[in-house]
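Architecture at a glance
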Amino acid sequence: MKKKLYTAIGLMSGTSMDGVDASLIRSDGIDHLTNILDEYYEYEPSLYRRLINLRNLVLNADDLKKYSKEINEVEKEITLFHSKIINELSLKYNEEIDLIGFHGQTIFHDSEKKISKQLGDGKLMSQLIKKNVVYDFRKEDLIKRGQGAPLTPIFHNLLSKNISQKHQVTFPMCFINIGGISNITKIIKKDEKLEENLEAFDSGPGNCMIDYWIRKNSKNNYDQDGAIAKSGKVNQLILNQSIDNFKTDSFEKSLDIKDFDISFVRGLSLEDGCATITNFTAYLIAKGIEHSNGNNNKPIKYLLCGGGRKNTYLVQTIKNYLSSKTNISLELIDKYNFNGDYIESQAFGYLAIRSYLNLPISYPKTTGCMTPTVGGKIVKNF
């Protein structure tokens, strides 16, 4: 008997806060995936500024109450923006859409206090678009003593089967998402029990420190292709001190943009500061890869996803730090016919389907939760 296929829209806005990635997929929530379309929707300048300002205000859990009025106002605006996207995609795709995976916009995450705030009102969205909406994906994992992140490993597992079958890539297979934060997923074998076969963790900063430095010291929002960093000179003394001050021996805690401070490059030029921060970021990602690789000596591919994969200077610097590890190769996931810009938005469409089917979206070795955990609040449109 064939499993039922569901059509879902996944919506993802990362720590860059510049816009929304939207993906329309069809899946059974297990091992089938058809990617129908992907689109990017940039935030209007006024909404972008409000989001950045709000994130700068909300520095701890108490600030969530202190600035609740501002949070509620921006949350409504975010929800309206995302709802407009769904209506536009619905016009492009003339079939019934079963579910919306609405991640929302993270403004605060503290796994120790079991708080993760994503702006986005799933109930309001469901009323506006007249569809089933799944949102607030991280809460149940936090309740089960998990870190609430990363949540994409179960989707990486699905991608690994496709890549293995169509491109003869062997296991173990790893995925590195370089978004605002970088995280790594390792799939050990093919078709093993998921709670034993999936390992994942946040490995350090991705784009967040680089983007913040660029925004603060120039008119740009990011370092395109790593050109600014490449033109600068690394301050080796500052870099070494920063590495020594950052613990890289444990990868058990989920990370937030607020965990990283760029003050160590204060006083450097735009170019030198960017080069130093990019090397710091690359070093931590490389240490995460080494941690994931363990004592494995077999050839292993690490497939790069997310916006950071386009920073050619960052990617090359990661490779430089891994030069002694001859069994490790880094490749863009795009080589395997997946658009690396939309892996997370596709993932949240898939997670919405799994949530609807009451299937786990996180596991003890991916987030640290006690048991495989079903996440996502479901608002049904009757």
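Relevant structure appears above.
Reference entry: report on the structure contained in this document. Only a predicted model underlies this, so the values are computations on that prediction, with no experimental measurement involved. (Residues numbered from 1 in each chain as written. Predicted model: local features only at pLDDT ≥ 70, side-chain atom pairs only at ≥ 80, totals over all residues. Heavy atoms only, no water.)

Side note on the overall build of the protein
The helix and strand inventory of the protein stands at 14 helices and 12 strands. The C-alpha atoms of the protein give a radius of gyration of 20 Å, which matches the 21 Å a tight globule of 382 residues would have. The dimensions of the protein, computed from C-alpha atoms along their principal axes, are 60 × 50 × 40 Å. Relative to its full complement of 382 residues, the protein shows a buried share of 55%. Counting only contacts in the protein whose residues sit at least 6 apart along the sequence, the fraction spanning at least 24 positions is 71%. Surface accessibility of the protein: about 17,400 Å² in total, with carbon and sulfur atoms responsible for 47%. A gap of 2 Å separates the mean positions of the 50 positive and 46 negative side-chain charges of the protein. (Helix = DSSP H or I, 4+ residues; strand = E, 2+ residues; numbered from the N terminus. Rg over C-alpha atoms; globule rule 2.2 N^0.38 Å. Buried < 20%, exposed > 50% of the residue type's maximum accessible area, 1.4 Å probe, protein only. Contact = heavy atoms within 4.5 Å. Areas by Shrake-Rupley, 256 points an atom, 1.4 Å probe, with all protein chains shown as cover. Lys, Arg positive; Asp, Glu negative; His and termini not counted. Charge placed at Lys NZ, Arg CZ, Asp CG, Glu CD.)

Description of unusual backbone geometry
At the junction of Ala149 and Pro150, the peptide bond is cis and its omega measures out at -10° in the coordinates. Of note, Pro150 is situated in the loop between helix H5 (139-143) and helix H6 (153-167). Unlike most non-glycine residues, Arg145 shows phi in positive territory, near 70°. Considering the arrangement of structural elements, one finds Arg145 in the loop between H5 and H6. One non-glycine residue, Asn358, lies in the positive phi region at around 60°. Within the element layout of this structure, Asn358 appears in the loop between helix H13 (343-356) and helix H14 (364-367). Taking the relative accessible area as the measure of exposure, Asn358 reaches 56% and is therefore exposed.

Section: helix H8 (residues 208-217)
Along H8, the residues that are buried comprise Cys208, Met209, Ile210, Asp211, Trp213 and Ile214. Lining the buried residues of H8 we find strand E8 (181-187), strand E9 (198-205), helix H9 (227-231) and helix H11 (270-293).

Considering the nonpolar core
In this structure, Leu11 and Ile100 are the most contacted members of the largest nonpolar core, which totals 36 residues. For this core, the element with the highest residue contribution is helix H3 (residues 68-92), accounting for seven residues. Contacts of Ile100, omitting those with residues within four sequence positions, involve Ile9, Leu11, Ile86, Met125, Ile129, Lys131, Asn132, Val133, Val134 and Ala352. Counting 33 residues, the second largest nonpolar core, distinct from the first, contains Phe338, Tyr350, Leu351 and Ile361. (Core = buried A, V, L, I, M, F, W, Y, C linked by side-chain atoms within 4.5 Å.)

Thoughts on the pairing of strand E5 (residues 115-119)
Two strands pair when backbone bridges link them, and strand E4 (residues 99-110) and E5 are joined in this way by five bridges, in the antiparallel orientation. Bridge pairing in E5 links Gln105 to Leu119. Hairpin connection of E4 to E5: four residues between the antiparallel strands, including Lys114 at a positive phi of 60°. (Pairing = 2+ DSSP bridges.)

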